[in-house]
Every structure is written in C-alpha cells, then in structure tokens.
Amino acid sequence: TSLGRQTLNLAISRGSFRALLTNSVLYGMLLCLIDQTMILQIQRDFGASKTFVGFLTLVGTASEVPVFFYSGQLIKTYGALRIVILGHCAFVLRLLLLAYTSLSTSSTSGIGTFLLLCSMALHGLCFATYWSVAVQTASKLAPLHLKGGAMTALGMCTQMIGGALG
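What this report covers is the structure whose coordinates are included nearby. No experiment lies behind these values; they were computed from the predicted model shown. (Residues numbered from 1 in each chain as written. Predicted model: local features only at pLDDT ≥ 70, side-chain atom pairs only at ≥ 80, totals over all residues. Heavy atoms only, no water.)

**What to know about the packing of aromatic side chains**
Scanning the model with the defined rule gives five aromatic pairs in all. On the numbers, 6.2 Å between centres and 85° between planes, the contact of F68 with F127 is edge-to-face. With F68 in helix α4 (residues 64-78) and F127 in helix α6 (residues 111-141), the pair connects residues that are 59 residues apart, well separated along the chain. Judged by its relative accessible area of 10%, F127 falls in the buried class. Taken together, the ring pairs in this structure connect Y27, F91 and Y130 into an aromatic cluster. (Phe/Tyr/Trp six-rings, centres within 6.5 Å; stacked < 30°, edge-to-face > 60°. Helix = DSSP H or I, 4+ residues; strand = E, 2+ residues; numbered from the N terminus. Buried < 20%, exposed > 50% of the residue type's maximum accessible area, 1.4 Å probe, protein only.)

**Examining a nonpolar patch on the surface**
Residues M156, M160, I161 and L165 make up a contiguous nonpolar surface patch of roughly 400 Å² in combined accessible area. Within the secondary structure, I161 sits in helix α7 (residues 147-165). Since its relative accessible area comes to 40%, I161 is described here as partly exposed. (Patch = residues over 30% accessible without salt bridge, like charges linked within 9 Å, V, L, I, M, F, W, Y side chains within 5 Å. Areas by Shrake-Rupley, 256 points an atom, 1.4 Å probe, with all protein chains shown as cover. Salt bridge = Lys/Arg side-chain N within 4 Å of Asp/Glu carboxyl O.)

**Considering the state of the cysteines**
All chains considered together, the criterion is met by zero disulfides. Not engaged in a disulfide, the cysteine C118 finds its nearest cysteine sulfur in C126; these two sulfurs lie 13 Å apart. Here C126 stays unpaired: no disulfide links it, and the sulfur of C89, its closest cysteine neighbor, is 9.9 Å away. Note on C126: relative accessible area 0%, which makes it buried. (Disulfide = S-S within 2.5 Å.)

What follows is the structure in structure tokens.
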C-alpha cells in the first residue's frame, strides 16, 4: 500500500528511525536468545517441569505490568536515555544471575529457584523500559499519518525479525 511504502521510505531516509529499527532487531534477538536458552537449559539440564517453566514465564510477564504502568511518568521524570540505561543495566544483572545459576546451584528448589525467579522478575524491567522508550521514539520520529506503520515496523523488527534471528 501507499502507507506501507511511505513507512519504508521513512525507515530508509531517516537515520534515527533506521537506527531505532536496527536496535529493535538486535534487542529482540538478544531477548529471544536469552529467554529460549534459559527455558531449554532449565528443562534439559536442571530437570524443571513444564509447570515450573510456565510459572517462570508468568513471573516474567507479570513483571512487565507495573513497569508499563509507570513508564510514561518514569520517562517524563528521568528522560528516555536514563530509562533505557536502567533497562540495559537490569539486563546485565539478569544475565549475571543466569550465569551464576550454574549446574551446582540450579534446581527447582533452593537458591537456583530463587535466582531463576529473580532473573524472570527482571524481565519486566528489561523489556518494558526498552519497549516504552522505543514506542515513544518511533512515535516522535514518524509523521502523524505514518505512526501506525512505524509501530508495525517496530514490532516486526523486535518480535518477528529479532525473534527469528535469536
């Protein structure tokens, strides 16, 4: 469609929008890689049940809700860059927790369970801060008649392309 071509032209012509979409692909790839690797590892290496994996997924998803709820206020108060840095620092902490959850400490009881739950609770801070800022940035960069297409392109880059590569 005409709007689809205009959105594509926006992505190609504006370096800032192109950078946002590239970042979205990379972030989606990393997020998918971490989440899927973690799920496979705790099932295969640690013998976790599908119920436990489902519970971890629920914790990760539920942890997004308060961050999304307050994201507008947080961005307004601290600025988009600080919020993205906060999310990225939370991502590093999440990765460190997962790295520490080794074969010797990880199981579905004790310290391993606690570390996995903490890691999944950080998912909301990691993803929701990034996504809130990305959506706000895409909205600012796109003209009014292309905002819907810009959001679609952002979602496709993060979830579809990034997820497929991750």
